[in-house]
Amino acid sequence: MESTFKELNGESVLDLKDKTGIGGGVEDVYGEDRASQDQPITPWTVSVASGYSLLRDPRHNKGLAFTDKERDAHYLTGLLPPVVLSQELQEKRLMHNLRQYEVPLHRYIAMIDLQERNEKLFYKLLMDNVEELLPVVYTPTVGEACQKYGSIFKRPQGLYISLKEKGKILEVLKNWPEKSIQVIVVTDGERILGLGDLGCQGMGIPVGKLSLYTALGGVRPSVCLPITIDVGTNNKKLLEDEFYIGLRQNRATGQEYAELLEEFMSAVKQNYGEKVLVQFEDFANHNAFDLLAKYRTTHLVFNDDIQGTASVVLAGLVSALKLVGGTLADQTFLFLGAGEAGTGIAELIALKISKEVVLVFHQFSMVCLLKLLHQLYTLSFVDKCSLEETRKKIWLVDSKGLIVCSRKGALQHFKVPWAHEHEPVKELLDAVKKPLILALSNPTSQSECTAEEAYTWSEGRAIFASGSPFQPVEYNGNTFVPGQANNAYIFPGFGLGLIMSGTVRVHDDLLLAASEALANQATEENYAKGLIYPPFTNIRRISANIAANVAAKAYELGLASRLPRPKDLVSFAESCMYTPVYRSYR
């Protein structure tokens, strides 16, 4: 099958001899990429879908948008009312219906129902109304959906791999109908958002994340696979719930857990190849860090809680400097919380500052080429020392207070680098002139503080952003619009960048590249409103720029396998994006 990508500036964005599609990945079998949207397609399933089966196939179903000609050709006449509605009119009707629901969970269920019967309409609706529907299909509503997943479960949307499948995980993966997968989001459900252990019901998270990979980042839905690994749950309430859908046993730990994850990771690579992206999602701290450390050198893996959060927060900090002034190195950072997100953010900030220090030193050293050998020796020394030094500008507070050297013997290994010399402090609250407050915990009920509390406490001086959205706040005659430091800014574009370049490993510099690209998308208009992130209404363009920057860095580091490198990476990213407009059927 020939490539279906259009020409850009007289040159093909893809090598037409490349039969495997973008990034050495998969062929555009369903005509899902933007560059192929004008070409008529045949609605293949196992055979050509027609009649009642076509209406039950969410990938090809268009509902009342089937034309009279299509109804005749595919045996649909009489199976639908005679009216023909455009996709735009269908969208308008659905938004009207969704707005009638007063309970957010009811909107969530309606959206999932739509996704299961008409995939393109679901994504078109989400893309065109992203600021209104993002809180519905993801946080905060997805948190409640996971808590009640057993009650609202209708049909499987991903793969469930439990301890019962140990020894045959490869066979389970082959049960999934799509054989060419590029992105897997996997959870074991032990730490779902800020809600704790929800066991098998954590499936709502991989499903929601992958919906955003498609809607915001343009990754084709046919190459996305949500997976929940069920090793039991320690949630007594769930174990006693007659509607709970997972294993009714306490969580497996230790060797039994490690062996199951090892079999899973090996099976994924064997079945889908070297370049499938595995995103770890909502694993508890004690497993999240170990899994990332173990597999980051052998697989293409990414932990959104650690790395994605770090990248989006760093982007916000860099962007905020245009409001508060100075450089990152001039600031002191305080974290309330020292788990996956806190330590991940802290490490990326330290890495960013250290690289800026090394860059300044490098530029200074280049004045004298005769000192090249001395420069090369000193650069490695400065890089190491500057990272250790920059960590001292970052302070973390956990449940026992400020993390200091006197506590080192009792600290978890990932907290040790952040133990600095200071007397023990149980509570830390300093008055600052212009606080940047990022309340990142999800869902909204778990946020460290509300937007109203932040603006009131700081007497309107705060720059505020949160993980889940808050409404505008009226204070002292002024209206403050809270920003949203949501990982959805980063991971969809980041994943697209990895896929389209055929990147084989995630390097920390790729996270820095994603942060820089996001920070550069904020405008003076955004800053005038006190916002440090651009609006989600431009998310597709933002994702394309993030993907391009990530891919460029991957090529620079020699991690990209798709050759030759496309000349215009932003245009290439846009051409690779899934487009959910209805197609004409032959």
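Residues numbered from 1 in each chain as written. Predicted model: local features only at pLDDT ≥ 70, side-chain atom pairs only at ≥ 80, totals over all residues. Heavy atoms only, no water.

Attention now moves to the overall build of the protein chain. Of the regular secondary structure elements, the protein chain holds 22 helices and 15 strands. Across the 586 residues in the protein chain, those meeting the buried criterion constitute 56%. Counted over contacts in the protein chain with a minimum sequence separation of 6, partners at least 24 positions apart contribute 72%. Summed over its atoms, the accessible surface of the protein chain is roughly 26,000 Å², and 54% of this surface lies on carbon and sulfur atoms. (Helix = DSSP H or I, 4+ residues; strand = E, 2+ residues; numbered from the N terminus. Buried < 20%, exposed > 50% of the residue type's maximum accessible area, 1.4 Å probe, protein only. Contact = heavy atoms within 4.5 Å. Areas by Shrake-Rupley, 256 points an atom, 1.4 Å probe, with all protein chains shown as cover.)

To continue, consider the pairing of strand β7 (residues 300–303). The side chains of a regular strand alternate, first on one face of the sheet and then on the other. Burial along β7 is two-sided: the face carrying Leu300 and Phe302 and the face carrying Val301 and Asn303 are both buried. Relative to β7, strand β6 (residues 277–280) runs parallel, the two being bridged by four bridges. Residue pairing for β7: Gln279 is matched across the bridge by Phe302. The parallel pair β6 and β7, bridged by helix α13 (residues 285–295), forms a crossover whose chirality is right-handed. (Pairing = 2+ DSSP bridges. Right-handed = clockwise from strand over helix to strand, strands pointing away.)

On to the sheet that holds β6. On the basis of which strands lie adjacent, the open sheet formed by five strands has the order β3-β5-β4-β6-β7 and parallel pairing. Unpaired on one side and paired on the other, β3 (159–162) and β7 mark the two borders of the sheet. Going from strand to strand, the sheet's axes swing by 25 degrees on average, the running direction of each strand aside. Helix α10 (residues 204–217) rests against β4 (183–187), β5 (224–230) and β6 of the sheet, and its axis sits at about 165 degrees to β5. Contacts between α13 and the sheet are confined to β6 and β7, with β7 contributing the most and set at about 155 degrees to the helix. (Axes fitted to C-alpha atoms, helices over the stretch in contact; angles between N-to-C directions.)

Before going further, it helps to examine the UniProt feature "binding site: (S)-malate" (unreviewed entry) in the protein chain. Under the feature "binding site: (S)-malate" (unreviewed entry), the UniProt entry names Arg191, Asn442 and Asn486. Note on placement: Asn442 falls in the loop between β11 (436–439) and α17 (451–457). Each residue touching Asn442, except ones within four places of it in the same chain, is listed here: Thr139, Leu193, Gly194, Gly467 and Ser468. Mapped onto the elements, Asn486 comes out in the loop between β15 (483–484) and α18 (491–501). Residues in contact with Asn486, not counting those within four places in the same chain, are Leu134, Thr139, Val312, Ser466, Gly467 and Phe536. Within the local environment of Asn486, its side chain forms a polar contact with the backbone oxygen of Gly467, the two atoms lying 3.4 Å apart. (UniProt positions renumbered as here; feature names shortened; annotations may be inferred. Polar contact = N/O pair within 3.5 Å; in protein donor to acceptor, adjacent residues only side chain to side chain.)

We now examine the UniProt feature "active site" (unreviewed entry) in the protein chain. Residues annotated by UniProt as "active site" (unreviewed entry) correspond here to Tyr138 and Lys209. These annotated residues cover 72 residues of sequence, but their C-alpha atoms sit close together, with the largest distance between any two at 7.5 Å. Topologically, Tyr138 is positioned in the loop between α6 (130–137) and α7 (141–147). Among the residues examined, Tyr138 registers a relative accessible area of 4% and is labelled buried. Apart from the residues lying within four places of it in its own chain, the contact partners of Tyr138 are Leu193, Ile205, Gly208, Lys209, Leu212 and Glu281. With respect to the helices and strands, Lys209 occurs in helix α10. When residues no more than four places from it in sequence are discounted, the contact partners of Lys209 are Tyr138, Val185, Gln279, Glu281, Asp304, Asn487 and Phe491.

This part takes up the pattern of salt bridges. Taken as a whole, this structure holds 29 salt bridges when the rule is applied. Among the ionic pairs, Arg99 bridges to Glu132, the shortest N-O distance being 2.9 Å. On the criterion of sequence distance, the pair formed by Arg99 in the loop between α3 (87–98) and α4 (104–117) and Glu132 in helix α6 is long-range, its members being 33 residues apart. Put simply, Asp197 and Arg251 hold a salt bridge, and the shortest N to O gap is 2.9 Å. Residue Asp197 is found in the loop between β4 and α10, and its partner Arg251 is found in the loop between α11 (236–239) and α12 (254–272); the two are separated by 54 residues along the sequence. Members of the salt-bridge network, linked through shared partners, are Arg191, Asp282, Asp305 and Glu340. (Salt bridge = Lys/Arg side-chain N within 4 Å of Asp/Glu carboxyl O.)

Quick look at the environment of Asp72 now. Among the secondary structure elements, Asp72 is positioned in helix α2 (residues 68–73). The class of Asp72 is exposed, set by a relative accessible area of 55%. As for Asp72 and Gly51, which are separated by 21 residues in sequence, their C-alpha atoms are 9.6 Å apart.

Another point: empty space enclosed by the protein. Here the structure, examined in full by the defined rule, presents five cavities of 30 Å³ or more. Lining the largest cavity, in full, are Tyr108, Ile109, Ile112, Asp113, Glu116, Tyr149, Ile152, Phe153, Lys154, Arg155 and Gln157. If you list the elements that add at least two residues to the lining of the largest cavity, you get α4 and α8 (149–152). Considered class by class, the residues forming the lining of the largest cavity number six nonpolar, one polar and four charged. (1 Å grid on protein atoms, 1.4 Å probe; cavity = no way out; pocket = protein on both sides within 12 Å on 5 of 7 lines; lining within 4 Å. Points joined across faces, edges and corners; volume = space filled by probe spheres on them. Nonpolar A, V, L, I, M, F, W, Y, C, P; charged D, E, K, R; others polar.)

The amide bond that connects Asn442 to the next residue, Pro443, takes the cis arrangement and shows omega of -10 degrees. Checked against the element boundaries, Pro443 lands in the loop between β11 and α17. Here Leu563 and Pro564 are connected by a cis peptide whose omega angle stands at -5 degrees. With respect to the secondary-structure elements, Pro564 resides in the loop between α21 (539–557) and α22 (569–576). The backbone of Tyr75 shows a phi angle near 60 degrees, a positive value even though the residue is not glycine.

Attention shifts here to the sheet that holds β15. In space, the three strands of this open sheet follow the order β11-β12-β15, with parallel pairing throughout. The sheet is open, and its two borders are formed by β11 and β15, each paired with just one other strand. Alignment of β11 against strand β12 (residues 463–466), held across four bridges, turns out to be parallel. Bridge pairing in β12 links Ile437 to Phe464. Each of β11 and β12 is contacted by helix α14 (residues 304–324), which is oriented at about 155 degrees to β11, the strand it contacts most.

Aromatic ring pairs are defined here through the distance separating the ring centres and the angle between the ring planes. For the coordinates displayed, the defined rule picks out 13 aromatic pairs. Ring plane angle 55 degrees and centroid distance 6.5 Å describe the contact between Tyr149 and Phe153, whose orientation is recorded as tilted. Residue Tyr149 is classed as buried on the basis of its relative accessible area of 5%. Through a chain of ring-to-ring contacts, three or more aromatic side chains come together here, namely Tyr455, Phe464, Phe470 and Phe480. For Lys62, the ring lying beneath its charged end belongs to Tyr585, and the centroid distance is 4.8 Å. The cationic tip of Arg391 hangs over the ring face of Trp418; the distance from NZ or CZ to the ring centre is 5.6 Å. (Phe/Tyr/Trp six-rings, centres within 6.5 Å; stacked < 30°, edge-to-face > 60°. Lys NZ or Arg CZ within 6 Å of the ring centre and 35° of its normal.)

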